[in-house]
Amino acid sequence: MNWQLCEKTFAIVGSGDIGKATARALEQEGAKAILLSRKSEHCLDVTDEESFKQYGSWSKILDGLVYTAGITVDKPVGLLTLADWQRVIETNLTGAFLTAKHFYMALKPNSSVVFLSSIVAQWGNIGQAAYSSSKAGLEALMKTLAKEWARKGIRVNAIAPGLVNTKMTTELPQMVVDGFTQHTLLKRLAEPEEVANVICFLLSPLSSFMTGQVIYVDGGFFTA
Amino acid sequence: MMDMVKSLLEENGYPTEGLTEETNFESLGVDSLGLVDLTLSLEQKGYTIPEEKLSEIKTVGDLLRVLGGNA
Ligand SMILES: NC(=O)c1ccc[n+]([C@@H]2O[C@H](COP(=O)([O-])OP(=O)(O)OC[C@H]3O[C@@H](n4cnc5c(N)ncnc54)[C@H](OP(=O)(O)O)[C@@H]3O)[C@@H](O)[C@H]2O)c1
């Protein structure tokens with residue numbers, strides 16, 4: 001299948017396991033992937049609006065944008081501090097808003113934007129009040145952008161993975177991982193490449209009639 | 001300044017034939033979201049349009065006045 005990504009340029013905010021897997025997949029298709037994060041060559045701190053200014057001159061150069069920056073602070077609400085809550089919301093939700101706002105002019109007409117949500121946006125999860133709320137907000141932001149940007153043919157979608165085999169999940173207690181796996185039809189975690197493939201599909205013209213959607217890449221978690 | 005507004009409209013895919021200071025943005029298909037897009041394009045060119053002025057801009061002449069042009 002021809003993904004029609006060759007010689008296109010994509011920005012990926014967040015250079016963790018899923019961001020890197022997406023960059024590799026895009027490069028394999030002959031596309032250019034620009035990774036942006038605090039530790040990347042293209043430096044960006046999504047919690048600092050000043051940090052976006054250096055990209056303010058980018059004009060209609062991107063065929064797509066992927067927002068993968070994300071953190072979690074897992075504690076029951078009783079132990080979650082306001083600072084914990086704010087840190088998660090700032091990175092996962094406010095950072096996504098700032099990215100949309102400041103990279104809008106960098107997007108070409110008919111480009112595609114993908115946000116990384118999570119199944120917990122709809123499901124909720126013990127210990128993840130801040131994280132799940134940030135992802136639910138992100139999905140509402142995605143739907144609003146899909147409506148505002150459709151006039152330029154810009155499509156905006158989100159992907160909601162279940163647990164993915166990444167650094168983020170190796171830090172989880174085994175009991176939590178086992179609980180998720182048990183509840184997943186395919187009885188395993190996703191590999192970052194399996195999420196990246198769906199991101200590439202949404203970036204590609206092959207998904208040209210899809211916008212405003214949340215795509216579950218969850219091994220059947222919600223069906224179980 | 002008029003030339004700049006004309007090329008701005010062209011860049012954003014709007015018709016510019018017979019453009020005058022009296023031309024109403026609505027008649028070109030520029031709605032409120034379209035006007036926001038135009039101001040963002042202007043920002044990239046180094047012009048700032050204060051948010052409170054946006055609602056005052058109905059015609060090309062209004063925009064030129066806000067930009068400090070000699071309309
Ligand atoms: N892993 C999973 O199981 C899973 C499941 C569902 C959804 N997701 C979502 O998928 C996305 C990617 O997950 P992942 O596993 O690849 O995460 P990860 O490996 O932890 O990577 C997260 C990335 O976010 C970047 N980041 C954090 N704070 C930032 C900031 N202030 N400014 C810029 N970048 C920042 C980090 O880069 P720097 O440190 O260089 O800034 C890091 O590269 C996240 O949004 C996550 O919520 C993950």
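Here goes a summary of the coordinates provided. (Residues numbered from 1 in each chain as written. Chains lettered and ligands numbered in written order. Predicted model: local features only at pLDDT ≥ 70, side-chain atom pairs only at ≥ 80, totals over all residues. Heavy atoms only, no water.)

Moving on, we get to the environment of A:Arg155. All names here are of chain A. Inspection of the secondary structure puts Arg155 in strand β6 (residues 155-161). Residue Arg155 is classed as buried on the basis of its relative accessible area of 8%. For Arg155, the residues in contact, after removing those within four places along its chain, are Ser111, Ser112, Val113, Leu202, Leu203, Ser204, Ser207, Ser208, Met210 and Thr211. (Helix = DSSP H or I, 4+ residues; strand = E, 2+ residues; numbered from the N terminus. Buried < 20%, exposed > 50% of the residue type's maximum accessible area, 1.4 Å probe, protein only. Contact = heavy atoms within 4.5 Å.)

What follows deals with unusual backbone geometry. All names here are of chain A. Here the phi dihedral of Gln4 falls at roughly 55°; this positive angle occurs in a residue that is not glycine. If you trace the backbone, Gln4 turns up in the segment before β1 (9-13). Classification of Gln4 as partly exposed rests on a relative accessible area of 38%. With a phi close to 65°, Glu7 is a non-glycine residue in the positive phi region.

For the rest of this paragraph, the subject is the site of the ligand. All names here are of chain A. Among the 29 residues in the neighbourhood of the ligand, the closest are listed as Gly16, Ser37, Arg38, Tyr131 and Thr166. One of the backbone nitrogen or oxygen atoms of Leu44 is found 3.5 Å away from a nitrogen atom of the ligand. At a separation of 3.1 Å, an oxygen atom of the ligand approaches a polar backbone atom of Thr68. Notes on the ligand: free accessible area 880 Å², of which the protein chains cover 94%. (Near = heavy atom within 4 Å. Polar contact = N/O pair within 3.5 Å; in protein donor to acceptor, adjacent residues only side chain to side chain. Areas by Shrake-Rupley, 256 points an atom, 1.4 Å probe, with all protein chains shown as cover.)

The interface is formed by 10 residues belonging to chain A together with 10 residues belonging to chain B. A buried area of about 740 Å², summed over both sides, lies between chain A and chain B, and 42% of it is on carbon and sulfur atoms. Sorting the residues of chain A by area buried against chain B places A:Tyr104, A:Met105 and A:Arg151 first, and these three jointly supply 62% of that buried surface. If you look at where chain A meets chain B, you find 2 salt bridges. Taking the shortest distance from any N to any O, the salt bridge between A:Lys152 and B:Asp37 comes out at 3.7 Å. Where chain A packs against chain B, one counts 5 residue pairs in polar contact (both at pLDDT 80 or more). (Buried area = accessible area lost by both parts, 1.4 Å probe. Salt bridge = Lys/Arg side-chain N within 4 Å of Asp/Glu carboxyl O.)

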